[in-house]
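Residues per chain are reported as follows:
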Amino acid sequence: MTPIRSSPSRWLWGLLAAVVAGLIWWHATILLPFVVSIILAYVLRPAVDALEKRRCPRALAAMACLFGVVLAGVIVFVLLVPIVSKLAPMLREQLPDLIAGWWLQIAPPLVKLGLPVPVSLAEVKTELMELLQSHGAEWGATVWQSLVIGGGNLASLVGLGLLIPMLAFYWLIDWDRMMPPLRELIPRRWRSGVYGFMEEADTLMGQYLRGQLWVMLILAGYYSLGLMLFGFDLALPIGVFTGLAVCIPYLGFGLGMVLAALAGVLQFTAAGESLWQPAIGVAVVYGFGQVVESFYLTPRLVGERIGLHPLGVILALMLFGQWLGLLGLLIALPCAALATVLGRRVLQAYRNGAFFLTK
C-alpha cells in the first residue's frame, strides 16, 4: 500500500498561513483601527453609492456619510451634558441627606438583629471619618492610578476616534478600485460561493441597519414622551439618549434607566415630594419599553432580518465585549449576523458533502 504523501506546496501554504496569523496577532493593536475602519466603510458604502448615483462626487459623498456618523456620536455626547451638569450639583447637595435618611430607616432593624451598627447621624459621621483616615491613602492611590490609566485609555479612544474616520474615508473612495483585484484572487472554484455569500451579507446588513435605525427613533420618542408624562424635567435628553443608546444592547437601556431613576430621585426629593412618582414612572416607562423592544420592535425590525436567536445575541455581546470592549458591543450583532450567514452556508455544504451522505 502506497503511503499518502503531502505535496510540498501544501506545507508551504500552511507555513505561510501560520506566519501571517502570527504577524496579525502580534500587531493586533495596530491593525485594530484598520479593521474597524473597513467595517465602518462597509456599512456606509451603500449610502455613498446611492449619493454617487445622484451625481454627487464620491469624495463628497464619503465625507457627508462620515460626518453623519460623527454628528450622531456628538449628539449622544451633547445629550449627556445637560444631564450631568444638572445632576452633579444636585447629587453633591442632596446625597448626604439622602444617605442619612435611608440609614436611619435601615439601622433600627439591623440593631434588632443584634448587629453593632451606628444608629445616629453623629455615630455615622464618626464611623465615616475613621474609615477615611484608616483607608484614605490606599483609596486615594487606587483612584489616582485609575485616573491615570483611564486618562491613557481616553487619549487612545480620542486618537482612534480621529484615525478611524480618516481611514474609512480612504476605504470608501477607493472601494470600487480595490475590490475587483481582490475578487480576482479568489480561486475560481470558490467564486460562486464567495460571491453569493457577499451578496447575501450585503442584503442582510442593509436590512439590519434600517431596522436598527427605526428601533432607535421609535424608542427615543417613546422614552421622552413617557418621562414627560410622569413630570421628569430631564425627560427629553434622557429619553433621546436612551433611544439612541439602544444600539448597544442591554448596556444602553440600563444606563438610560439608571440616569432616569437618579434624575427622578433628586428632582422629587428637592421638591419635597414623594419618591413613589419617579419610582413608578421609571418602572412603567422602562419596563413597558423593554417589553415592547424585546418582544415586538427588535424581533420584527431587526431579529427576524438577521436570523439570530436571543441566546446567540447574548453570546455575541459577551464575546465581542470581552474582545473589544465598548466597540465590541457596537459591532457584535452585525458581525454575528455575518457569522450566521457563513454558518448556514458551511452547514449546507456539510449536508451536501460525501462525508455526511455516505453510509
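Residues numbered from 1 in each chain as written. Predicted model: local features only at pLDDT ≥ 70, side-chain atom pairs only at ≥ 80, totals over all residues. Heavy atoms only, no water.

Another aspect to go through is the pattern of salt bridges. Counted according to the given criterion, the structure contains 7 salt bridges. We note a salt bridge from Arg58 to Asp176, for which the minimum N-O separation is 3.9 Å. Placement of the pair is Arg58 in helix 3 (residues 58–112) and Asp176 in helix 4 (residues 121–184), with a sequence separation of 118 residues. Overall, the relative accessible area of 11% leaves Arg58 in the buried class. Relative accessible area serves as the criterion here: at 46%, Asp176 is assigned to the partly exposed category. Between Glu200 and Arg344 there is a salt bridge, and its shortest N-O distance comes to 3.0 Å. Highlighted residues: Glu200 in helix 5 (residues 188–229) and Arg344 in helix 10 (residues 326–351), separated in sequence by 144 residues. The structure contains a network of salt bridges with shared partners spanning Arg45, Asp49, Glu52, Arg58 and Asp176. (Salt bridge = Lys/Arg side-chain N within 4 Å of Asp/Glu carboxyl O. Helix = DSSP H or I, 4+ residues; strand = E, 2+ residues; numbered from the N terminus. Buried < 20%, exposed > 50% of the residue type's maximum accessible area, 1.4 Å probe, protein only.)

With that settled, consider the nonpolar core. Within the largest apolar cluster, 36 residues are counted, with the highest numbers of intra-cluster contacts made by Val215, Leu227, Ile238 and Tyr286. Counting only elements with at least two residues in this core, the list comes to helix 3, helix 5, helix 6 (235–245), helix 7 (251–270), helix 8 (276–306), helix 9 (310–324) and helix 10. Contacts of Val215, omitting those with residues within four sequence positions, involve Val246, Leu297, Thr298, Leu301 and Val302. (Core = buried A, V, L, I, M, F, W, Y, C linked by side-chain atoms within 4.5 Å. Contact = heavy atoms within 4.5 Å.)

Tallied over the entire structure, the rule returns 7 aromatic pairs. Ring centres 5.6 Å apart and planes at 70° place the aromatic pair Phe169 and Tyr170 in the edge-to-face group. Judged by relative accessible area, which is 19%, Phe169 ranks as buried. Ring centres 4.7 Å apart and planes at 25° place the aromatic pair Tyr223 and Tyr286 in the stacked group. One end of the pair, Tyr223, is in helix 5; the other, Tyr286, is in helix 8, with 63 residues separating them in the sequence. As far as burial versus exposure is concerned, Tyr223 and Tyr286 are alike and both buried. (Phe/Tyr/Trp six-rings, centres within 6.5 Å; stacked < 30°, edge-to-face > 60°.)

Here Arg345 shows up in helix 10. Taking the relative accessible area as the measure of exposure, Arg345 reaches 30% and is therefore partly exposed. Each C-alpha atom of the pair Arg345 and Val194 lies 10.0 Å from the other, and the pair is 151 residues apart in sequence. Contacts of Arg345, omitting those with residues within four sequence positions, involve Gly193, Gly196, Phe197 and Glu200.

With that out of the way, let us pick up the packing of helix 5 against helix 6. At a minimum axis distance of 7 Å, the contact between helix 5 and helix 6 shows a crossing angle of 150°. Classified by the interaxial angle, the pair formed by helix 5 and helix 6 is roughly antiparallel. Judged by the sense of rotation from one axis to the other, the crossing of helix 5 with helix 6 is right-handed. Between helix 5 and helix 6, the contacting residues are Met216, Leu219, Ala220, Tyr223, Ser224, Leu227 and Met228 on the first element and Ala235, Leu236, Ile238, Gly239, Val240, Thr242, Gly243 and Leu244 on the second. (Axes fitted to C-alpha atoms, helices over the stretch in contact; angles between N-to-C directions. Parallel < 35°, antiparallel > 145°, perpendicular 65-115°, else oblique. Left-handed = near helix turned anticlockwise from the far one by under 90°.)

Turning to the side chain of Arg45, a few remarks are in order. In this fold, Arg45 is placed in helix 2 (residues 28–53). Discounting chain neighbours no more than four positions away, the residues touching Arg45 are Arg58, Leu172, Trp175 and Asp202.

A word on the environment of Pro46. Summarising the element assignment, Pro46 is placed in helix 2. Sequence separation between Pro46 and Asp202 is 156 residues, and the spatial gap between their C-alpha atoms is 8.8 Å.

Here we come to the packing of helix 6 against helix 7. Remark: helix 6 packs on helix 7, axes separated minimally by 8 Å, with the N-to-C direction vectors making an angle of 165°. Classed by the angle they form, the pair helix 6 and helix 7 counts as roughly antiparallel. Like other packed secondary-structure pairs, helix 6 and helix 7 cross with a definite hand, here left-handed. The residues of helix 7 that touch helix 6, namely those facing Ile238, Phe241, Thr242 and Ala245, are Gly252, Leu255, Gly256, Leu259, Ala260 and Ala263. Looking at the contact of helix 6 with helix 7 residue by residue, the classes come out as 7 nonpolar, 3 polar and no charged. (Nonpolar A, V, L, I, M, F, W, Y, C, P; charged D, E, K, R; others polar.)

A few words now on helix 7. Under the 1.5 Å per step criterion, the end-to-end length of helix 7 is 29 Å for 20 residues, consistent within 8% with the ideal 28 Å. Along helix 7, the residues that are buried comprise Gly252, Phe253, Gly256, Leu259, Ala260, Ala263, Gly264, Leu266, Gln267 and Phe268. Remark: Gly272 follows helix 7 within two positions and exhibits a positive phi of approximately 75°. (Expected span 1.5 Å × (residues − 1).)

A cluster of nonpolar side chains, Trp13, Leu16, Val20, Ile24, Ile30, Leu31, Phe34 and Val35, forms an exposed patch at the surface whose accessible area comes to about 760 Å². For the nonpolar patch, the elements supplying multiple residues, two or more each, are helix 1 (8–26) and helix 2. Secondary-structure assignment places Val35 in helix 2. Val35 gets classed as partly exposed once you look at its relative accessible area, which sits at 45%. (Patch = residues over 30% accessible without salt bridge, like charges linked within 9 Å, V, L, I, M, F, W, Y side chains within 5 Å. Areas by Shrake-Rupley, 256 points an atom, 1.4 Å probe, with all protein chains shown as cover.)

This next bit is on the confidence of the model for the protein. Mean pLDDT over the protein stands at 76; residues scoring 70 or higher make up 75%. For the protein, per-element mean pLDDT is lowest for helix 4, which scores 66, and highest for helix 6, which scores 87. Confidence over residues 146–152 falls short of pLDDT 50; this stretch has 0 contacts with residues more than four positions distant or in other chains. (pLDDT = per-residue confidence, 0-100.)

We now examine the side chain of Thr242. Structurally, Thr242 is set in helix 6. When sequence neighbours within four positions are dropped, the list of residues in contact with Thr242 reads Tyr223, Gly252, Gly256 and Tyr286.

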